[in-house]
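Topology and contacts: notes
Each chain, letter by letter, is given below.
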Amino acid sequence: MASAPVIQVLEIQDHTKQHLVSLPNEKLPPLPPNSVRMRTTLFALSANNLTYARIGHLVGWWGIHPLPQSTPAPFNDESKYGRTMCWGSGQVMESTSPLLKAGQTLFGVFPIGTLPVDKEITADALGMFLETTALRRDVLPVYNRYFLYQDDDDEQSRAWDAVMRGHFETSYAIHRIAFSWDLLTLPPINPSGINGAPWSAEDANLTSALVLVFAASGKTAAAFAQQSRELRPAEFRSRRLIAVGSSAAKAFTEGFGWFDEVHLYSDSPAALAASWSVDGKTKIVILDYGARGDAAVAWADSLRPLCGTVQFVRVANDANIKGAEANTEAVLAGQQRGEVVVNSSVLRDWGIEKLGAGRYFRELGGQWAEFKRRGGLPELRFVWGDGMESVRTGWEQLANAKVEPSTALLFRI
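Comments concerning the pattern of salt bridges
- Under the criterion given, the structure shown has 21 salt bridges.
- We note a salt bridge from Lys119 to Glu131, for which the minimum N-O separation is 2.9 Å. With Lys119 in strand β7 (residues 117-123) and Glu131 in strand β8 (residues 128-131), the pair connects residues that are twelve residues apart, well separated along the chain.
- Residue classification places Lys119 among the buried residues on the basis of a relative accessible area of 1%.
- Given a relative accessible area of 6%, Glu131 falls into the buried group.
- Bridged by salt links that share partners, the residues Arg37, Glu94 and Asp118 form one connected network.

Below is the structure:
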């Protein structure tokens, strides 16, 4: 007899608190037309998952995978409990769509748990599909696109996709679109995606700028550094590409080989500014990928009187901020300081509009495939877990900052 499906449920006000909930009374309904029934098979957990939980109330992420009707009390209270999402692969168990058949595997966003999920789908570009299920129609498009795996995609390749493909595309959007150097083909737009928000060619210009990347050991930050170093034309590169992070992550970050310098949060920005010959004409770009506390903000405040311009772009907030109210306050405080908050989905849509879906995904896919072919992120170690109990342990480690920067958590369920 098959065991009852199990799902991960989080407490919305404190995403570090999780529950593995068994659903013995769950009965799968008939599969609707043009749909696939899928089960999550392989996925990664990272600081991104904490972000989805932290600010899910602001962007509707708690609604992507709602609590099943059979969820027992007290976990069926959607004001207190919810499910987050993960990047990884899922296998088609059943299909009423002519586009996919049972046994095929897709990459994209899936729920954490062994309960299958039904997805209404339509064809997108070659080898890609869009989920059109009613509850997903207001979700940002980046979370509704799925990629079909071919038979020759091995587990190691799929593991890299789960660990870093989403991170790689986020920084591709920042590097290639928000800071575009190709003004005719791909004119830059404000990374926030807010209609009417100013973002000039000079805002996008990194030439001669000092670019400071905070929480630089993270996968999204590392991807930005790799792309800036290896994919950006030499004449459009920044004056210096500088990493700032924790002492625990310094050696790992230096090992990338993509940063000109690696410094600590505790270092003196004023002293470093002197070594960089900062003056009233210097442009400093701060990319904050989730520095702990207010480290990036403090550096910006220290550097602002010493230079011409400090441009602050926020990619993520501190993962330690808990609760909807505290996270909302953090976002509002950043807006008051003039921070530009990245909306990678809007950047992606702009790139698709300007380049066409075919060219956009060919270029991105080619660069990602080459990144994997060359070994991916240097010195990153995969740690595998099997089953939902291993997911419990992994989430606890991640939520309590017990995962080393050089470790990627992967799960088979």
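With respect to unusual backbone geometry
- Look at the link from Ala73 to Pro74: it is a cis peptide, with omega at 5°.
- With respect to the element layout, Pro74 can be found in the loop between α2 (56-59) and β4 (81-82).
- The backbone of Ala215 shows a phi angle near 60°, a positive value even though the residue is not glycine.
- Examined against the element boundaries, Ala215 turns out to sit in the loop between β10 (210-214) and α5 (219-230).
- In this structure, Ser277 takes a positive phi of about 60° despite not being glycine.

Examining α5
- End to end, α5 covers 16 Å across twelve residues, agreeing with the expected 16 Å (1.5 Å per residue, within 8%).
- Along α5, ten of the twelve residues are buried, which leaves the element largely enclosed by surrounding structure.
- For α5, the full list of buried residues reads Lys219, Thr220, Ala221, Ala222, Ala223, Phe224, Ala225, Gln226, Gln227 and Ser228.
- Looking at the buried residues of α5, the elements they touch are α3 (155-178), β10, β11 (240-245), β13 (283-289), α11 (357-373) and β17 (407-412).

Details of the packing of aromatic side chains
- Scanning all chains against the criterion turns up 23 aromatic pairs.
- Here Phe147 and Phe361 contribute two aromatic rings whose centre-to-centre distance is 5.8 Å and whose plane-to-plane angle is 70°, an arrangement assigned as edge-to-face. Taken together, the residues span a long stretch of sequence, with Phe147 in strand β9 (residues 145-148) and Phe361 in helix α11 at a distance of 214 residues.
- Assessed through its relative accessible area of 12%, Phe147 is described here as buried.
- For the ring pair Phe168 and Trp368, a centre distance of 5.1 Å and an interplane angle of 55° mean the geometry is tilted. With Phe168 in helix α3 and Trp368 in helix α11, this residue pair connects regions lying 200 residues apart in the sequence. The same class applies to Phe168 as to Trp368, namely buried.
- It is Arg412 that lies over the ring of Trp384; its NZ or CZ is 4.0 Å from the centre.

Conventions and cut-offs
Residues numbered from 1 in each chain as written. Predicted model: local features only at pLDDT ≥ 70, side-chain atom pairs only at ≥ 80, totals over all residues. Heavy atoms only, no water. Salt bridge = Lys/Arg side-chain N within 4 Å of Asp/Glu carboxyl O. Helix = DSSP H or I, 4+ residues; strand = E, 2+ residues; numbered from the N terminus. Buried < 20%, exposed > 50% of the residue type's maximum accessible area, 1.4 Å probe, protein only. Expected span 1.5 Å × (residues − 1). Contact = heavy atoms within 4.5 Å. Phe/Tyr/Trp six-rings, centres within 6.5 Å; stacked < 30°, edge-to-face > 60°. Lys NZ or Arg CZ within 6 Å of the ring centre and 35° of its normal.

That is the geometry; function is a separate question.
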